[in-house]
Each structure stands twice: as C-alpha cells, then as structure tokens.
Amino acid sequence: MNKLLKYTLLLIGIVGFFSSCQYKFNIEPIIPPPDPTDTIYFSQDILPIWNTDNNCTSCHNSGGTAPDLTTDNAYAAVVPSYVNTTSPNESVIYTAADPNTYTHGWKKYTSSEAAIVLQWIEQGALNN
Ligand code: HEC
C-alpha cells in the first residue's frame, strides 16, 4: 500500500471516528448490544431501528428508495431480497448500513443496531 493511500485511509478513519462519536453522544438513543442468547424479534427489535424518528424510513418508504422499510411493507421488502441466511454477514440489509462496512453514504446503524440486525438474520430472519 503506498503512503498517500495509507494516510488518506488514516484520515478517513480519524474523521469517521470522531464524527461517529459526536453523533452517538448527541443524537442516538442508547441501545445495548444484544446478548448472543437473546431472541431478536422483527416487530419489537428490528422495525424500531428503521422507523424510530424516521431513521431509515425518511428515504426508504413506499414510493421512496428501495427497500421500503416502513412498518407494513418492510418484511416483504427485505426478506428474502436483502438477507442471506446462509451467510448472514453478507446480507445487504446488514452491510449497507453497518458502521464498519457500510456502502451507502446516508445513515448507518450504531454498532448495537448492526449486531441486532445481524443476530436477527442469523436466527433465520423471521417475521416474529
Ligand atoms: C437520506 C436518505 C437515506 C437514508 C436516511 C437511508 N438511506 Fe438507505 N439508501 C438511500 C439511497 C439513495 C439508496 C440507493 C443508492 C445506494 O444504494 O447507495 C439506499 C440504499 C439502501 C440499501 C440498498 C443497498 C443496495 O445495495 O441495494 C439498503 C439495504 C439501505 N439503503 C438501508 C438503509 C438503512 C438500514 C437505513 C437506516 C439506518 C438507511 N438505508 C437510511 C438513501 C437513504
């Protein structure tokens, strides 16, 4: 890896680190990470991540950007198209907004939210 690339990545890392901290302290409700033995419920645990304060649904709604993450439409929009129950950590609904790997430049999950979404997929991405 050449020097310029290294420093560019380092800079992005530093900026990302501080801006994510500030964001967490100021705005995000504190959700604890899930216990690995917890059952994750789509209705109680997953939908609020997407819908609370229009976190994701400000853009991902019916008529908006796919996938439609609004309460009535989210399950059908996300499963099976955006989940991969064979390789849960490759699910687009997880990776697109995962704080470490996110590919879209808008909103991302907190680390707890990402862990909750991943665990839900690992448990079969049920409509529970
Ligand atoms: C400000 C608008 C906006 C918000 C808020 C937003 N997104 Fe997106 N999202 C987009 C747009 C635009 C695209 C399509 C372009 C792209 O894939 O980068 C997209 C694409 C996606 C995709 C599909 C990616 C793919 O490769 O097909 C997923 C999954 C997704 N968003 C999840 C989320 C989640 C989860 C949240 C909330 C944590 C969220 N988005 C919040 C604008 C938004």
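Anyway, here's the lowdown on the structure attached to this text.

Rules of the game
- Throughout this description, residue numbers start from 1 for each chain and increase along the sequence as written.
- Where local features are concerned, this predicted model is filtered to residues with pLDDT of at least 70; where side-chain atom pairs are given and counted, the filter is 80 or more; whole-chain, interface and lining totals use all residues.
- Each side-chain value is worked out from all heavy atoms of the structure, with water and hydrogens disregarded.
- For the purposes of this entry, the term helix denotes a DSSP run of H or I that reaches at least four residues, the term strand denotes a run of E that reaches at least two, and both are numbered from the N terminus.
- Per-residue accessibility, obtained with a 1.4 Å probe over protein chains only, is compared with the maximum for each type, and a residue is labelled buried under 20%, exposed over 50%, and partly exposed between these values.
- Residue exposure ignores everything except the shown protein chains as possible cover, and the areas themselves are Shrake-Rupley values with a 1.4 Å probe.
- Distances up to 2.8 Å from the metal define which N, O and S atoms are donors, and 3.2 Å serves for Na, K and Ca; water is absent from the atom set, so sites may look incomplete.
- Under the classification used here, a metal with four donors is tetrahedral if each angle lies between 85 and 135 degrees, square planar if opposite donors are over 155 degrees apart and the others between 65 and 115, a six-donor metal meeting that same test is octahedral, and anything else is irregular.
- Here, proximity means that at least one heavy atom of the residue falls within 4 Å of the molecule or strand.
- Identification of polar contacts relies on pairs of N or O atoms within 3.5 Å, with a donor-acceptor requirement for protein atoms, meaning one able to donate a hydrogen and the other able to accept it, and with residues adjacent in sequence counted only if both atoms are side-chain atoms.
- Any residue that is not Ala, Val, Leu, Ile, Met, Phe, Trp, Tyr, Cys, Pro, Asp, Glu, Lys or Arg is counted as polar, Gly included; the first ten are nonpolar and the last four charged.
- It only takes one pair of heavy atoms within 4.5 Å for two residues to be counted as in contact.

**Brief notes about the overall build of the protein**
So, point 1. Across its full length, the protein holds 5 helices and 0 strands.
So, point 2. Counted from the first residue to the last, the protein has its helices and strands arranged as α-α-α-α-α.
So, point 3. Expressed as a percentage of the 128 residues in the protein, the buried residues total 34%.
So, point 4. Total accessible area on the protein stands at roughly 8100 Å², and carbon and sulfur atoms take up 59% of it.

**Quick word on the coordination of the iron atom of the ligand**
So, point 1. Taken together, the protein donors to the iron atom of the ligand comprise His60 (NE2) and His104 (NE2), at separations of 1.9 to 2.2 Å.
So, point 2. Each of the 6 donor atoms bound to the iron atom of the ligand contributes to angles spanning 79 to 178 degrees, and the resulting shape is octahedral. Note that histidine 60 is positioned in the loop between helix 2 (42–51) and helix 3 (74–78) and histidine 104 in the loop between helix 4 (92–95) and helix 5 (111–122), a separation of 44 residues in sequence. Comparing histidine 60 with histidine 104 shows no difference in burial state: the two are buried.

**Let's talk about the site of the ligand**
So, point 1. Surrounding the ligand, one finds 17 residues, the nearest of these being Cys56, Cys59, His60, His104 and Tyr109.
So, point 2. Interatomic distance of 2.7 Å between a side-chain N/O atom of histidine 60 and a nitrogen atom of the ligand.
So, point 3. Side-chain polar atom of histidine 104 to a nitrogen atom of the ligand: 2.7 Å apart, as the coordinates give it.
So, point 4. Residue composition of the shell around the ligand, grouped by class: 11 nonpolar, 5 polar and 1 charged.

**Details of the environment of asparagine 84**
So, point 1. With respect to the helices and strands, asparagine 84 occurs in the loop between helix 3 and helix 4.
So, point 2. C-alpha separation for the pair asparagine 84 and glycine 124, spaced 40 residues apart in sequence, amounts to 9.1 Å.
So, point 3. Once residues within four sequence positions are removed from consideration, asparagine 84 is found in contact with Glu90, Ser91 and Ile121.
So, point 4. At 2.9 Å, the side chain of asparagine 84 forms a polar contact with the backbone nitrogen of serine 87.

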